[in-house]
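Geometric and topological summary
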Amino acid sequence: IHDVDVALSAGPNRLAATGAFGRPEDRLNVRIDAPRLAPFGVDGALRGRLDLAGTLQRPSLAFDLAAPRLAMPDVGTLSGLTLRGGLAGESDSPLDVELALERFARPGEAESVRALKARASGTNRAHRLELDGALAASGAASEIGRAHV
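What counts, and at which threshold
- Residues numbered from 1 in each chain as written.
- Predicted model: local features only at pLDDT ≥ 70, side-chain atom pairs only at ≥ 80, totals over all residues.
- Heavy atoms only, no water.
- Helix = DSSP H or I, 4+ residues; strand = E, 2+ residues; numbered from the N terminus.
- Buried < 20%, exposed > 50% of the residue type's maximum accessible area, 1.4 Å probe, protein only.
- Contact = heavy atoms within 4.5 Å.
- Salt bridge = Lys/Arg side-chain N within 4 Å of Asp/Glu carboxyl O.
- Polar contact = N/O pair within 3.5 Å; in protein donor to acceptor, adjacent residues only side chain to side chain.

Some details on the overall build of the protein chain
- Check the secondary structure of the protein chain and you find 0 helices and 12 strands.
- Overall, the protein chain shows an N-to-C arrangement of helices and strands of β-β-β-β-β-β-β-β-β-β-β-β.
- Over its C-alpha atoms, taken along the principal directions, the protein chain stretches across nearly 50 × 45 × 15 Å.
- Here the protein chain holds 149 residues, and 30% of them are scored as buried.
- Intrachain contacts of the protein chain at a sequence separation of at least 6 include 29% that bridge at least 24 residues.

A short note on the pattern of salt bridges
- Using the criterion set out here, one finds 12 salt bridges in the structure.
- For the salt bridge of R23 with E25, the shortest nitrogen-to-oxygen distance reads 3.5 Å.
- Judged by its relative accessible area of 39%, R23 is partly exposed.
- Judged by relative accessible area, which is 55%, E25 ranks as exposed.
- Between R84 and D64 there is a salt bridge, with its nearest N and O atoms 3.1 Å apart. Pair noted here: R84 is in strand β7 (residues 76-88) and D64 is in strand β6 (residues 59-72), with a separation of 20 residues, a long-range link.
- If you follow the salt bridges from partner to partner, you end up with R23, E25 and D26 in one network.

Some remarks on the side chain of N13
- Mapped onto the secondary structure, N13 falls in strand β2 (residues 13-19).
- By relative accessible area, N13 is classed as buried at 5%.
- One polar contact links the side chain of N13 to the main-chain carbonyl oxygen of R36, over a distance of 2.6 Å.
- Residues contacting N13, with those up to four places away along its chain left out, are L8, D33, A34, P35, R36, L37 and F40.

Shown next as structure tokens:
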């Protein structure tokens with residue numbers, strides 16, 4: 001993919017992609033600024049970036065996405081969602097992904113998840129997963145504490 005220069009808009013929502021992907025020196029940058037997702041069936045906003053580099057055989061991806069609130073009537077409501085990190089396609093490539101979620105509630109229920117944090121780090125071959133937060137099932141809260149997998 002060469003010479004990408006795309007700008008899409010739908011109301012106040014914007015997505016822009018520039019660059020290239022496929023050769024070792026290529027970089028494809030995607031920017032998202034979607035403050036009003038209601039026309040797409042989601043109540044909320046999403047902002048962030050995706051940076052894709054390299055080749056199909058040796059890709060790498062860096063990303064930083066944030067959604068203060070996302071809600072779908074039949075699914076539930078997420079608040080304070082962030083997803084950041086980087087990863088690549090080789091077994092010894094660095095892996096660093098962080099997910100944070102302030103709260104999740106299913107329709108008609110109290111919150112199901114509170115203050116969830118997850119992090120994967122290491123390499124694709126040898127990595128570590130850390131979880132911290134609180135879950136609620138049938139109204140009873142349970143602290144995850146710090147779990148390492």
